[in-house]
Amino acid sequence: MLLSDVSVKRPVFATVLSLILLVLGVIAFTRLPLRELPNIDPPIVSIDTTYTGASAGVVETRVTQVLEDSVAGIEGVENVQSSSRNGRSSITMEFTLDRDIEGAANDVRDAVARASDRLPEEIDPPQVAKVEGDADVIVWLNLSSSNLDELALTDYADRYVVDRLSSIDGVAQVNFGGGQRYAMRIWIDRKALAARNLTANDVEAALRRENVEAPAGRIESDTRDFTLRVSRDYRTAEDFGQLAITKSEDGHVTRLAEVAKVERAAEDRRAYFRGNGRPMVGLGIVKTSTANSLDVAERVKAEMARIQQSLPEGTTMGVSYDSTIFIDAAVHQVYKTLGEAVLLVLIVIFLFLGSVRAALIPAVTVPVCVIAAFLGLYVFGFSINLLTLLALVLSIGLVVDDAIVVLENCQRRVDLGEPPLIAAYRGTRQVAFAVIATTAVLIAVFLPIAFMEGNNGRLFRELAVAVAGAVALSAFVALTLTPMMCSRLLRAHKPEKGFVAWTERQLTRLSNGYRGALSRSVGHPVLVGVALLGAVVAIGVLFVSVPKELAPPEDRGVFFAQVQGPEGAGYDYTVQQMQEVEKRLMTLTGDGNPINRVNSRVPGGWGRSEEMHTGQATVLLKSWGERDKSTAQVVDEARALLAGIPGVRAIPQIRQGLVRSGGQPLQIVLGGPSYDELVEWRPHAQAHGAEPAAVLAGFRLQGNPPAATRQHRPLACRRHRRVRRRHRPHAGNHDGFAPRDDLRRRWRGIRRDPAGAGKRPAQPD
């Protein structure tokens, strides 16, 4: 074969080819992003709209429905889920896997822009954003102080800390947690307004009219120009108190201080963030999609140490949560397994070949193929993750096969008396076709996985490419570097002594035993057939009896407790319940206990939210070597502690690596023709759902009192999108729902039961 012939004749050329593969592999390794898992998140676009002061029913009819109708005809929509809550509308659109996320986001923005004239004027502009799996916070930092309150601490972090963290290479965004920003609060006295024949709109109009900083033009002279600026006079609460609202007929000027109380306070005090019961401000680090998580976390911690030196007296900064600890430990363990696999393969090769010189030849193949495999990942835009590293571990036993085939044939010819140069030349030519054939077979086994559709294909695509690339490179190395090394290193076997001779005798005994068993089984085909049938039956029984799941349980050293109070519960009530949750969880901290830190927040979601009846506790456990209990065991203890809290439902849960949403493992959608019907049937669903207590560790329903979820299937012209909407009511309704017929979503072309008997809508033709 030409490639092997040139390699034997030109050993330097063969060596350079392998060195080039090594260099390119190292360069690709340094430039590949590090992730825990491959990017399997589907294209998702969200539409968030804030309608301050509006109830859920108003948000549903005037915002959510209008936007849903506007985005109904977008191409490639797989699922539309909307949620209407007090003051906020959220629409999440999931597209098919082959849909380009940039084009989908642009289509959604255009559709929202077309619907802007049908939306209320009082709402904030709808925010359209791409939802990416990499948008999760990887590190939470905390800022606490014994001298500064939450307002001053938030202001300091916003002025001096956020910009320094944002400038770190690989940081895409810094999120605030529990921050309370300064604002000028105006508490209107309705009686004072009524006495002066004024309304709140008059106060709002005066603020818009007076509290401005308008351009004043410029002054031009013969030699110089001056830009004029009219400074804003309203800076303090006293200044705002002197703001003129109106002038009466008798010439009296009504000022803001006469009809309202003005003070500088928090923009929204309803932000509760605690770490082990201590108030603090959280700073969440979001990395860019191509950045290395471990490198970003390391740079953030280094910058945090520098920031710590310039903090005000009594202020400290630390790490509340670091998701990269588990990633680092998992990747380190895979690297350790990779090294162990290489070592074991080399030991086995040495035992069977009986020569260090011969074992060195396939040993060189392993690092060349494994390192060069990163080049294929880089070319296809993949990443280094647990699955690609697993692929490299699996490929170690495959990449040495071709080199061993070439080595064995060359060694055989050397033992027959040929010079090593001739043996390498002729021996490689004899087995070159077999090497190419076996490599093609292995590639044909793994590569089709990369063309699988759906989430499984996206999950294992990188694994398939990594294995196929490593195997393809092994054939190249076996036909270039291996024959060259055979021509230089092989020597004829001599009578062995000591350990090598003993190993040879044991292998000979094993070979003879196998030969005898094979000769006996050939004479009894019926017995062999029965044994084969029994093995097939045993495989079927084991396949049915062994539990099945997408991913095995993981001990990540952290779990989350979702806290939910009655629908409409206020901020103070939820905070009081959250403090009780903290108190009970803190009993598992300290020496001899597994919990290291308890971070809690109200409301449960990040950003602006009106869901003040929700909360969340993030429980961080001690490192794996400092505790003797797994995360699952600690969760069971926490579940028992939190089960007895009256007036709130707290359910601990563990997030797995493949579950990005962090929701419950099983979610049931209750659909029906109207909210009233769902209110009637939901207690029955709750009663039946709570029956298998031995199976279900916790049963949580969305909303309390009942909230409704409904699902409609549009006509075929809307591409059979599955639409699911949650409606969260305002607190004023005793039954949890606004008693209005216009809350019922009416889709064109959907047939409903006129009697309201609860039948499912007919499927589209």
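This text follows the structure it describes.
So, here's what we can say about the structure. (Residues numbered from 1 in each chain as written. Predicted model: local features only at pLDDT ≥ 70, side-chain atom pairs only at ≥ 80, totals over all residues. Heavy atoms only, no water.)

**Quick look at the packing of helix α2 (residues 11-31) against helix α15 (residues 454-489)**
In step 1: Across the interface, α2 lies against α15 with an axial gap of 9 Å and an inter-helix angle of 140 degrees. In this view, α2 runs oblique relative to α15, as classed from their interaxial angle. The handedness of the crossing between α2 and α15 is left-handed. Between α2, through P11, A14, T15, L17, S18 and L21, and α15, the contact on the second element is made entirely by L473, F476, T480, L481, M484 and R488.
In step 2: In terms of residue class, the contact of α2 with α15 is built from eight nonpolar, three polar and one charged. (Axes fitted to C-alpha atoms, helices over the stretch in contact; angles between N-to-C directions. Helix = DSSP H or I, 4+ residues; strand = E, 2+ residues; numbered from the N terminus. Parallel < 35°, antiparallel > 145°, perpendicular 65-115°, else oblique. Left-handed = near helix turned anticlockwise from the far one by under 90°. Contact = heavy atoms within 4.5 Å. Nonpolar A, V, L, I, M, F, W, Y, C, P; charged D, E, K, R; others polar.)

**Describing helix α12 (residues 356-379)**
Spacing of three or four residues puts side chains on the same side of an α-helix, whose turn is 3.6 residues.
In step 1: Helix length check: α12 (24 residues) gives 36 Å between terminal C-alpha atoms against 34 Å at 1.5 Å per residue, within 8%.
In step 2: One or two positions beyond α12, positive phi appears at G381, with a value near 75 degrees. (Expected span 1.5 Å × (residues − 1).)

**Brief notes about the pattern of salt bridges**
In step 1: If you walk through the whole model with that rule in mind, you get 23 salt bridges.
In step 2: Where R164 meets E303, a salt bridge forms, and the shortest distance between an N and an O atom there is 3.0 Å. In this pair, R164 sits in helix α5 (residues 150-166) while E303 sits in helix α10 (residues 293-308), placing the two residues 139 residues apart along the sequence.
In step 3: With a closest N to O distance of 2.5 Å, K301 and D322 form a salt bridge. With a gap of 21 residues between them, K301 in helix α10 and D322 in strand β16 (residues 315-322) connect regions that are remote in the sequence.
In step 4: Several salt bridges share partner residues, and in doing so they unite R164, E303 and R306 into one network. (Salt bridge = Lys/Arg side-chain N within 4 Å of Asp/Glu carboxyl O.)

**Brief notes about the sheet that holds strand β17 (residues 558-564)**
In step 1: A sheet is described by the order of its strands in space; here six strands give the open sequence β14-β13-β18-β19-β17-β20, paired in antiparallel fashion. Because the sheet does not close on itself, it has two edges, and the strands there are β14 (278-279) and β20 (649-653).
In step 2: The sheet contact formed by strand β18 (residues 595-602) and strand β19 (residues 614-621) spans six bridges and is antiparallel. Opposite R601, over in β19, you have Q616 as the bridge partner.
In step 3: The strands touched by helix α19 (residues 631-642) are β17, β18, β19 and β20; relative to β17, the strand with the most contacts, the crossing angle is about 25 degrees. (Pairing = 2+ DSSP bridges.)

**A word on the packing of α12 against helix α13 (residues 386-415)**
In step 1: Packing of α12 against α13 leaves a shortest axis separation of 8 Å and a crossing angle of 140 degrees. Classed by the angle they form, the pair α12 and α13 counts as oblique. When you trace α12 past α13, the crossing you get is right-handed. Counted together, A358, I361, P362, T365, V366, C369, V370, A373, F374 and L377 of α12 and T388, L392, I396, V399, V400, A403, I404, L407 and Q411 of α13 form the full contact between these two elements.
In step 2: Looking at the contact of α12 with α13 residue by residue, the classes come out as 16 nonpolar, three polar and no charged.

**Overview of the sheet that holds strand β6 (residues 171-177)**
In step 1: In spatial order, the strands read β6-β15-β5-β16; together these four strands make up an open sheet with antiparallel pairing. The open sheet has two free edges, formed respectively by β6 and β16, since each of these has just one partner strand. With direction set aside, neighbouring strand axes in the sheet form an average angle of 25 degrees.
In step 2: Pairing geometry for strand β5 (residues 137-145) and strand β15 (residues 281-287), over six bridges, is antiparallel. Residue pairing for β15: V137 is matched across the bridge by V286.
In step 3: Of the strands in this sheet, β5, β6, β15 and β16 touch α5, which is tilted by about 175 degrees from β6.
In step 4: Across the face of the sheet, α10 comes into contact with β5, β6, β15 and β16 while running at roughly 165 degrees to β16.

**So, the packing of aromatic side chains**
In step 1: Summed over the entire model, instances satisfying the criterion amount to five aromatic pairs.
In step 2: With 5.7 Å between their ring centres and 45 degrees between their planes, Y234 and F240 make a pair best called tilted.
In step 3: Relative to F382, the ring of F380 has its centre 6.0 Å away and its plane inclined at 20 degrees; by these criteria the two rings are stacked.
In step 4: According to the relative accessible area criterion, F380 is exposed, its value standing at 54%.
In step 5: Stacked on the ring of Y182, the Lys or Arg R264 has its end atom at 4.3 Å from the ring centre.
In step 6: Sitting above the plane of the F543 ring, K548 keeps its charged end 4.8 Å from the centroid. (Phe/Tyr/Trp six-rings, centres within 6.5 Å; stacked < 30°, edge-to-face > 60°. Buried < 20%, exposed > 50% of the residue type's maximum accessible area, 1.4 Å probe, protein only. Lys NZ or Arg CZ within 6 Å of the ring centre and 35° of its normal.)

Interpretation in functional terms is not warranted from these geometric data alone.
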